[in-house]
Amino acid sequence: MLLLLGLCLGLPLCAGSQEEAHSWGDASEQVGLRVPRQLRLLQRLKTKPLMTEFSVKSTIISRYAFTTVSCRMLNRASEDQEVEFQLQIPAAAFITNFTMLLGDKVYQGEITEREKKSGERVKEKRNETTEDNQEKGTDLFRASLVIPSKDKAVFLLSYEELLQRRLGKYEHSISVRPQQLVGRLTVEVNVLEKTGIASLEVLPLHNSRQKGSGRADDDSGPPPSTVINQNETFARVVFKPTVVQQAKIAQNGVLGDFIIRYDVRRDQSIGDIQVLNGYFVHYFAPKDLPPLPKNVVFVLDTSASMVGTKLRQTKDALFTILHDLRPQDHFNIIGFSNRIKVWKDHLISVTPLNVRDGKVYIHQMSPSGGTDINGALQSAIRLLNDYVAHNDIEDRSVSLIIFLTDGKPTVGETRTLEILSNTKEAARGQICIFTIGIGSDVDFKLLEKLSLENCGLTRRVHEEEDAGSQLIGFYDEIRTPLLSDIRVDYPPGSVEHVTKTLFPNYFNGSEIVIAGKLADRKLGQLHVEVTASNSKKFVILKTDVPVEPQRVGSDIPGGPQPKGDGKEDPNPMEHVWGYLTVKELLNAWLQSNDEQKEKLRQKAQALALNYHFLSPFTTMKLKRLVLRGDRLEDARGMSAAVGPETVMQSLRGADLQPGPTLKKTRDPRIRISKTSVDGDPHFVVDFPLSKLTVCFNIDGQPGDILRLVSDHRDSGVTVNGELIGAPAPPNGHKKQRTYFGTITILVNKPERSYLEITPNRVILDGGDRLVLPCNQSVVVGSRGLEVSVSANANVTVTVQGTIVFVILIHRYKNPAPFQRNHLGFYISNSGGLSSHCHGLLGQFLNQDAKLTEEPTGRSKNLTSPPLPQAVGAPETILKVKGRRVPVVWKQRRIYNGEEQIDCWFARNNAAKLIDGDYKDYLASHPFDTEMTLGRRQP
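Enquirer: Describe in detail the sheet that holds strand β28 (residues 512-518), supporting the description with residues and values.
Expert: Read across the open sheet, the 4 strands follow the order β16-β17-β28-β26; overall the sheet is antiparallel. At either end of the open sheet lies a strand with only one pairing partner, and these are β16 (272-276) and β26 (495-496). As judged from the 2 bridges shared by β26 and β28, these two strands associate in the antiparallel manner. Looking at β28, one finds that glutamate 496 is bridged to lysine 517. Each of β16, β17 (279-284) and β28 is contacted by helix α12 (residues 572-591), which is oriented at about 115° to β28, the strand it contacts most.

Enquirer: I'd like to hear about the pattern of salt bridges, residue by residue, with values.
Expert: On inspection of all chains with the given rule, the structure shows 24 salt bridges. Residue arginine 184 pairs with glutamate 53 through a salt bridge whose shortest N-O separation is 3.8 Å. With arginine 184 in strand β11 (residues 184-192) and glutamate 53 in strand β2 (residues 50-61), this residue pair connects regions lying 131 residues apart in the sequence. Between glutamate 529 and lysine 542 there is a salt bridge whose closest N-O contact spans 4.0 Å. Pair noted here: glutamate 529 is in strand β29 (residues 525-534) and lysine 542 is in strand β30 (residues 537-546), with a separation of 13 residues, a long-range link.

Enquirer: If you had to explain the packing of aromatic side chains to someone new, which residues and values would you point to?
Expert: This model, assessed by the stated rule, comprises 26 aromatic pairs. Ring centres of tyrosine 279 and tryptophan 577 lie 5.9 Å apart, and the angle between their planes is 50°; on these two criteria the pair is classed as tilted. One end of the pair, tyrosine 279, is in strand β17; the other, tryptophan 577, is in helix α12, and 298 residues separate them in sequence. The exposure classification of tyrosine 279 matches that of tryptophan 577, with both residues buried. Members of the aromatic cluster, joined through ring pairs, are Tyr64, Phe66, Phe94, Tyr279, Trp577, Tyr579, Tyr611 and Phe613. The side chain of lysine 359 reaches across the aromatic face of phenylalanine 319, ending 5.6 Å from its centre. Taking NZ or CZ as reference, lysine 583 lies 4.6 Å from the ring centre of phenylalanine 94, over its face.

Rules and cut-offs
Residues numbered from 1 in each chain as written. Predicted model: local features only at pLDDT ≥ 70, side-chain atom pairs only at ≥ 80, totals over all residues. Heavy atoms only, no water. Pairing = 2+ DSSP bridges. Helix = DSSP H or I, 4+ residues; strand = E, 2+ residues; numbered from the N terminus. Contact = heavy atoms within 4.5 Å. Axes fitted to C-alpha atoms, helices over the stretch in contact; angles between N-to-C directions. Salt bridge = Lys/Arg side-chain N within 4 Å of Asp/Glu carboxyl O. Phe/Tyr/Trp six-rings, centres within 6.5 Å; stacked < 30°, edge-to-face > 60°. Buried < 20%, exposed > 50% of the residue type's maximum accessible area, 1.4 Å probe, protein only. Lys NZ or Arg CZ within 6 Å of the ring centre and 35° of its normal.

Written as structure tokens, this is what we have:
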């Protein structure tokens, strides 16, 4: 799919006549000058649209990230082609804009209201589609359109998110998965933090769920080519890998997540309050406080579906977590399937003996039965309520349930609404439930609501990931509660429309964020008061924060770009307020009853429309931007179905033709010279002047390297092919089969370049070393050599524009024992090869042949296949190079089996047909050039 160093945009192309399209025999007469142009045309027809540029620019101002992704595509083919743009975005982000440019046409995304029923249905969809997304915690945006021949398209996507602090760090993740190597790939992240940047690191590319995942040369540091510039309050990170660096990370263009982690300086215990243009944001993350005791019940699913790796990894994680409990903590363990198995009838203290016994109990758990989620939660809540009620504890403690399952409720109460109602009623807001769902069969929507309604969090663990490390990481976020019952107050008359100010717990390494509007913009200072419980005492923090006017705009390096409509740059503080308010309204809508739902939906929808947030209650419609009067009109042929779930946009043939969408035409076959070697291996030699085709076999051994073309002294080109072996098919006359597993091409003029081609990859070693995957389309050029890969189809090698070779790629999805992935070698244009060219194929390029029957009264030329020969019929003789070679008529299939040709077959490893013996054509190594007229030089 990609383009690297040389884009093939120029060169007039010729498709050839209709007669040529139907009759290869006629076309072969004109092969001299027309084949290279045909080849270039057909190579472009088979090549998918190329991504010429993939760039991401992200600006983070006070933890709020504005991200814009730009993707440029080029359709080099002579037919219209469909292209798809897709991007993984964080699940917590809101898409704010999407624009497509097709030639000189602009299609602008417009956020509009979504119908009520549709909105509710979309929310259901989100929970289904999120499960299928490629990475946990992400949604997949997809857009497709048809690009006319030789035209370009640009995709522009913008989204916003408030970064959450976890384990003492903010993490900003950007998906870099262009699906192909890109000529210009850039990721730029600018971080501006008024209070100062305490630490910043760039992680290795993360792509754990993809096969053949991205991997940097050094997994302990930033990806190659990453440049970090940083001062006290500002940092710029640029990731700009070359094509070679991209190929080393992931040849399929799936590089992974580019992740930046950082934290800020905190001088005031009451937190950081920032004010701008009438909006304020309060970031509260106290430190250096003693941890609160915690009462925790671990609830583990032991149903039959947990058998194997899932249960083993979960047990290992719980062993680690039990060792991490503090002496002042209390704990218990519940295993549940269709039966509820409680380890102790009460919570017990953390001692070495109790931890050891808990590990033994966990170790003895075995999977069986169904899944009683309601019963397990009720048992855990009962244990915690009993402990708090019957133990006159002076210390203020935090009660937690860590609940892990991989399925849906199948035993006991199975109705979602009843489970939610029972849990909320029993917990009474005093117990926080943290849920973990493993695999794709889990009812993630139920777990999400259980945590949302009971002051907890939820996480998803994909089956193919390490469930144990995910569980430990999740526990680390909540292992150290520092405060409980937190309340943040501002003077009633000074602020309005403030987001949530009551929080049940604060865990070390996290952050509480509150935003609101100032009732009086001329206010000189803002009074803030925080009350909370910590261990045996109440904590009360009070302060007056100065309200200073601030400017955010073009003077900030990498600041948000103007909207282009004459408005000022966005106010980050206002966007944080809008973001948090919409999120809170969506959560309230999820938890509310039918009477409140409609009111909450209308509020969330109105606010999302105001900030151009794509949400469950808004949708995006693409409009064509027309210059006349700046009027927007609907784009013909366009459909939109978007939301926070998997986003689908489609523009199929819009403004290209009326009526239905464009049909994709079938890719034509590659039509090139018949002179080739393919298959077992079967050689074919074309003599266009006499309209004769001759074929022969070479029964070499696996590991043999055969010289195919040898013109090292003159044009500087040598082609060798290395054989691989396979068992012969049953009931065949052969003992084994041989195929070409590697084709090597050495070009010595004007500069030396080496090319190694296998069914999986192409290595070009010239000025730079390039490794190109064969499953992605790409064109590269270097020092007079052009290499074009058509994904999973062929590799075209052009030398100085006058020599063209095509290597067909043969791959099997489910190969039989006698099949091997292999290559076929075809000479498309030999105009640049000299008259002294040799090799098993090269020696015939400047020769002609004649066919006769002997013995007869007179010699008779044959150019057409004869009728089946009767017993005693005259022998057919091929005259070539002054030699007489007995031949028989055969039919062969070439061009990947798509073309059947008639040929005259020379037996016995082409004895008398080729110069010398076939063993004279064995090379000592893949790039050996030591050969003259089929004989090794002494």
